[in-house]
Amino acid sequence: KHSWEKIVAFHFACMEGLKKDMGAWVSMMNGYVIPNNFWELGYAHLHNLQETIKAVKESPSTEIVQVGDKRYCLFFAEDMISLISDGIYNDPELNVVGTSCLFKRKGNWIVSLRSKDVDSFNARLFAESLGGGGHDLSAGATIGTNEDELQILDKLKDGLIKFNS
């Protein structure tokens, strides 16, 4: 089994291969050796992602919410939502079952939900309780328009409490 870091670096290395040389990308996908320069670029992207995750974890607007025996991470971000969520729910120090990323699009508050394990947190069912939808491990909903950040966090926390009761 590979570490999360190795998998993400591989993902970024493959993206670099696809951008630079389609033949190299095809070779990588067929199990051939990934050129060192692609690995170096992959690990550079991984480092940037890890710095972003660290900034999200340390942000005063990020909250860890405990509902019963489950912990959720609520945060604000505009980019790399899936990768940030992966980094957060794979962090044993945080020990969360799911993430909720909030962002604004065209005047609406959107929540993007991610789960590591459908048995611990079904993102789709929670999204549906908020009027949205998606897949069991990845879903979302529009949850407001005029609220400020504190109000939208409270609304999401209330939704988590109702969902888990």
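Up top you'll find the structure we're talking about.
These figures come from a predicted structure and were not determined experimentally.

A. Local environment of the environment of I161. For I161, the position within the fold is in helix α6 (residues 149–163). Judged by its relative accessible area of 48%, I161 falls in the partly exposed class. A C-alpha to C-alpha distance of 9.1 Å links I161 and Q66, two positions 95 residues apart in sequence.

B. Quick peek at the pattern of salt bridges. In total, this model carries seven salt bridges according to the counting rule given. Note that E63 and K157 form a salt bridge whose closest N and O atoms lie 2.9 Å from each other. Here E63, found in strand β1 (residues 63–67), pairs with K157, found in helix α6; they are 94 residues apart in sequence, far enough to count as distant. A salt bridge links R124 to E128, with the nearest nitrogen and oxygen atoms 3.1 Å apart. With R124 and E128 both in helix α5 (residues 123–129) and four residues apart, the pair spans about one turn of that helix.

C. Looking closely at the sheet that holds strand β3 (residues 98–105). The six strands are arranged β1-β2-β3-β4-β6-β5 in an open sheet whose pairing can be described as mixed. Two strands bound the open sheet, and with one partner strand each, they are β1 and β5 (133–134). In this sheet, β3 lies alongside strand β2 (residues 70–76) in parallel orientation, the contact comprising five bridges. Looking at β3, one finds that C73 is bridged to T99. Strand contacts of α6: β1, β2, β3, β4 (108–115) and β6 (138–144), with the helix running at about 155 degrees to β2, the strand carrying the most contacts.

D. Expanded view of the side chain of R114. Tracing the sequence through the fold places R114 in strand β4. Within the buried set, R114 has no salt-bridge partner at all; the shortest N-O distance to an opposite charge, 6.2 Å, is to D86. Separated by 2.8 Å, the side chains of R114 and S82 make a polar contact. R114 has contacts with I81, S82, S85, Y89, V97, G98, T99, F121, L137, S138 and A139, leaving out every residue within four places of it along the chain.

E. Spatial organisation of the nonpolar core. In this structure, L49, F75, I84 and I88 are the most contacted members of the largest nonpolar core, which totals 24 residues. Those elements that place two or more of their residues in this core are α1 (4–20), α3 (36–58), β2, α4 (81–89) and β3. Among the elements that take part in this core, α3 stands out by supplying six residues, more than any other. Setting aside chain neighbours within four positions, we find I84 in contact with L49, T52, I53, V56, F75, A77 and D79. One finds V67, F76, A127 and I152 within the second-largest nonpolar core, a separate group that totals 21 residues.

F. The arrangement of the packing of aromatic side chains in detail. For the structure shown, the criterion picks out five aromatic pairs. Seen from their ring centres, F121 and F126 are 6.0 Å apart, and the 55 degrees between their planes marks the pair as tilted. Of the two residues, F121 and F126, both sit in the buried class. Through pairs of rings, three or more aromatic residues link up here, namely Y72, F121, F126 and F163.

Calculation rules
Residues numbered from 1 in each chain as written. Predicted model: local features only at pLDDT ≥ 70, side-chain atom pairs only at ≥ 80, totals over all residues. Heavy atoms only, no water. Helix = DSSP H or I, 4+ residues; strand = E, 2+ residues; numbered from the N terminus. Buried < 20%, exposed > 50% of the residue type's maximum accessible area, 1.4 Å probe, protein only. Salt bridge = Lys/Arg side-chain N within 4 Å of Asp/Glu carboxyl O. Pairing = 2+ DSSP bridges. Contact = heavy atoms within 4.5 Å. Axes fitted to C-alpha atoms, helices over the stretch in contact; angles between N-to-C directions. Lys, Arg positive; Asp, Glu negative; His and termini not counted. Polar contact = N/O pair within 3.5 Å; in protein donor to acceptor, adjacent residues only side chain to side chain. Core = buried A, V, L, I, M, F, W, Y, C linked by side-chain atoms within 4.5 Å. Phe/Tyr/Trp six-rings, centres within 6.5 Å; stacked < 30°, edge-to-face > 60°.

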